[in-house]
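The primary structure of each chain is shown beneath.
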Amino acid sequence: MNSKIIDGKELAAKIRGEIKLRAEAFKAKRGRSVGLAVVLAGDDPASKIYVRNKIAACEEASIRSYSYDFPEEVSEDAVTELIDALNKDTNVDGILVQLPLPKHINEKCVLERISPCKDVDGFHAVNAGNLLLGNKCLAACTPQGCIELIRSTGVTIEGKNAVVIGRSNIVGKPMAVLLLQNNATVTVAHSKTVDLKSITLRADILVAAVGIKEFVTGDMIKSGAVVIDVGMNRHDGKLYGDVNFEEAKIKAGFITPVPGGVGPMTIAMLLRNTVTAAENA
Ligand code: NAP
């Protein structure tokens, strides 16, 4: 079998088009643009690329972005003072703090300082808790993007065995919750999981969010499965997923490429959360 490649770029472009219409309607109604504040601290080259891409996507979707760049040695107080001001700023609907922050800054404290109504990354405990309870909330972007990618295949999630490899707060856990809400039977695997292969071989839907280059090999994949590769692992200037694409595409029914799969969808979901936050304000 040769799998169908799920084109995340194309799906993200379609969703960004819908978001643009919502952003324009918001402006017509409220007399101001939807606004996203983007906070960057330090010189991490990958973070700079991610921020640049997010700002460009905002412009294209008629969302106004406000950039705040701090040097590596910025104090935690300076960052939280800015967040306090952005929480009060009525032109700002969403606040994005690019991770990782410099090591001396407590990431958890900074993220919890963001008003849950403006937490467009969906990392705040209030949003994470509401997601778990099935309440209306701003859900984490990458898992939302993965759900859209799975839906785009036409494969129904309900009743399927879904396996998520990884249990981070920003990807693995919210991914498992969203799959559960879509009525999949969900297994979450992690570094202490025993006999991972026997678990992944039962997966009709397999989401890899491990952070290890080409960790998932072809022999771990059930024939015909939907494989979503969240991984972004940089080696010698090249980007690799968590799935060995060449092996996996022989076994899977559908598979996302890296790059061009989950990455563009994460940005599209960030924009969608931002417009939703504006409409809710
Ligand atoms: P993370 O916080 O490092 O979590 C990795 C998870 O993988 C952990 O739960 C860990 O288990 C598990 N794991 C590690 N080794 C394992 C093993 N041998 N067997 C099974 N599970 C194992 O990473 P993350 O933030 O979730 O990100 C995961 C990947 O997605 C990274 O490559 C990241 O760059 C990428 N990412 C991509 C996007 C995007 O937009 N495309 C967005 C976010 C992240 P323990 O909990 O037991 O340690």
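Refer to the preceding data block for the structure.
This structure is a prediction, so every number in the text was calculated from the model and none was measured.

Trainee: Could you clarify how one ought to interpret the overall build of the protein chain in this entry?
Mentor: Scanning the protein chain for helices and strands turns up 10 helices and 11 strands. Relative to the 2.2 N^0.38 estimate, which gives 19 Å for 281 residues, the radius of gyration of the protein chain is 19 Å and therefore close to what a compact globule would have. Taken over the C-alpha atoms alone, the protein chain extends approximately 50 × 40 × 35 Å along its principal axes. The burial tally for the protein chain puts 50% of its 281 residues in the buried class. Pairs at least 24 apart in sequence give 71% of the contacts found in the protein chain among residues at least 6 apart. Within the structure as shown, the protein chain displays about 13,200 Å² of accessible surface, and the carbon and sulfur contribution to it stands at 53%. Of the charged side chains in the protein chain, 34 are positive and 33 negative, and the gap between their average positions amounts to 5 Å.

Trainee: Any chance you could explain the pairing of strand E3 (residues 63–70) here in plain terms?
Mentor: Look at any regular strand and the pattern is simple: side chains alternate between the two faces of the sheet. Across eight bridges, the pairing between strand E2 (residues 34–41) and E3 is parallel. Following the sheet pairing, Ala 41 is matched in E3 by Phe 70.

Trainee: Could you clarify how one ought to interpret the site of the ligand in this entry?
Mentor: The local shell around the ligand holds 22 residues, among which Arg 167, Ser 168, Ser 191, Val 230 and Thr 266 are the closest. In the environment of the ligand, an oxygen atom lies 2.5 Å from a nitrogen or oxygen atom belonging to the side chain of Ser 168. Taking His 190, its main chain carries an N or O atom lying 3.4 Å from a nitrogen atom of the ligand. Relative to its unbound accessible surface of 930 Å², the ligand loses 70% to contact with the protein. The element that contributes the greatest number of residues to the shell around the ligand is helix H10 (residues 262–280), accounting for three residues.

Trainee: How do you make sense of the pairing of E2 when you look at a structure like this?
Mentor: Burial analysis of E2 places eight of its eight residues in the buried class, which makes it a mostly covered element. Residues of E2 alternate between two faces, with Val 34, Leu 36, Val 38 and Leu 40 on one and Gly 35, Ala 37, Val 39 and Ala 41 on the opposite face, all of them buried. Handedness of the β-α-β unit built from E2, helix H2 (residues 45–60) and E3 comes out right-handed.

Cut-offs and rules
Residues numbered from 1 in each chain as written. Predicted model: local features only at pLDDT ≥ 70, side-chain atom pairs only at ≥ 80, totals over all residues. Heavy atoms only, no water. Helix = DSSP H or I, 4+ residues; strand = E, 2+ residues; numbered from the N terminus. Rg over C-alpha atoms; globule rule 2.2 N^0.38 Å. Buried < 20%, exposed > 50% of the residue type's maximum accessible area, 1.4 Å probe, protein only. Contact = heavy atoms within 4.5 Å. Areas by Shrake-Rupley, 256 points an atom, 1.4 Å probe, with all protein chains shown as cover. Lys, Arg positive; Asp, Glu negative; His and termini not counted. Charge placed at Lys NZ, Arg CZ, Asp CG, Glu CD. Pairing = 2+ DSSP bridges. Near = heavy atom within 4 Å. Polar contact = N/O pair within 3.5 Å; in protein donor to acceptor, adjacent residues only side chain to side chain. Right-handed = clockwise from strand over helix to strand, strands pointing away.

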